[in-house]
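Observations on the three-dimensional arrangement
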Amino acid sequence: MATAKKTEDAFAMSFDPSKFVGSFREFAEKGAVQSKEAYAKMKTAAEEATKTVEATFENAQSGSVELGLKAIDALRTNAETSLSHMEALLGVKSISELVELQTAFIRKQAELAVEQAKSMQEATRKVAENVAKPGKQAAEKAMSSFKGA
């Protein structure tokens, strides 16, 4: 009988159901608050990511239109220059005039090609910057939030 009383006293001292219920309730409430906060942060992050992706796609679309228009302009210029050269060739009266006309045309085409390449390179650089801009801004914002935290 003495052993039964010792065991009963040991359980009575170590386990108080009312304290357990209170601790469990506090733990559950804390968990619910933390879950709501985490959900709010994730929702905000997802909305910002969506805005970043949309801005990136808009910039890519407008940039590709700009580059397409530049390419069409270059093609038009080259076609017009070639047609003008062909018309001039039809009026040639001597071999020396043909050589002179052809040399001038080749020089002009080379200069035009360099100018067009520089123009396309600059336009491509600007488009790339505009496409990368939303992502860069989002990354900078995220890094500043980590520094502030």
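Given the structure is predicted, the values throughout are model-derived calculations rather than measurements.

Reading guide: rules and limits
Residues numbered from 1 in each chain as written. Predicted model: local features only at pLDDT ≥ 70, side-chain atom pairs only at ≥ 80, totals over all residues. Heavy atoms only, no water. Helix = DSSP H or I, 4+ residues; strand = E, 2+ residues; numbered from the N terminus. Buried < 20%, exposed > 50% of the residue type's maximum accessible area, 1.4 Å probe, protein only. Contact = heavy atoms within 4.5 Å. pLDDT = per-residue confidence, 0-100. Salt bridge = Lys/Arg side-chain N within 4 Å of Asp/Glu carboxyl O.

1. Side note on the overall build of the chain
Summing up its helical and strand segments, the chain has three helices and zero strands in all. When the elements of the chain are put in sequence order from the N terminus, they spell out α-α-α. Looking at the chain residue by residue over its 149 residues, the buried ones come to 8%. Considering only contacts within the chain whose residues lie at least 6 apart along the sequence, 75% involve residues at least 24 apart.

2. Some thoughts on the confidence of the model for the chain
The share of residues in the chain with pLDDT of 70 or more is 85%, and the mean pLDDT across the chain is 85. The least confident element of the chain is helix α1 (residues 2–14), whose mean pLDDT is 55; the most confident is helix α3 (residues 95–148), at 90.

3. Some words on the pattern of salt bridges
Per the counting criterion, the structure on display carries three salt bridges. Here lysine 141 and glutamate 48 are joined by a salt bridge, their closest N and O atoms 3.1 Å apart. Of this pair, lysine 141 sits in helix α3 while glutamate 48 sits in helix α2 (residues 17–90), and the two are 93 residues apart along the sequence. Since its relative accessible area comes to 35%, glutamate 48 is described here as partly exposed. The network of salt bridges with shared partners includes Glu122, Arg125 and Glu129.

4. Some thoughts on the side chain of threonine 81
As for its position among the elements, threonine 81 is in helix α2. Looking at threonine 81, the relative accessible area reads 12%, which means it is buried. Those residues within four positions of threonine 81 in sequence are excluded, and the remaining contacts are Phe105, Lys108, Gln109 and Leu112.

5. Section: the environment of lysine 133
Residue placement: lysine 133 occurs in helix α3. What makes lysine 133 partly exposed here is its relative accessible area of 46%. A sequence separation of 77 residues divides lysine 133 from threonine 56, and the C-alpha atoms of the two residues are 7.6 Å apart.

6. Looking at the environment of leucine 67
Locating leucine 67 in the fold gives a position in helix α2. When near neighbours in sequence (up to four residues on either side) are disregarded, leucine 67 contacts Met120, Ala123, Thr124 and Val127.

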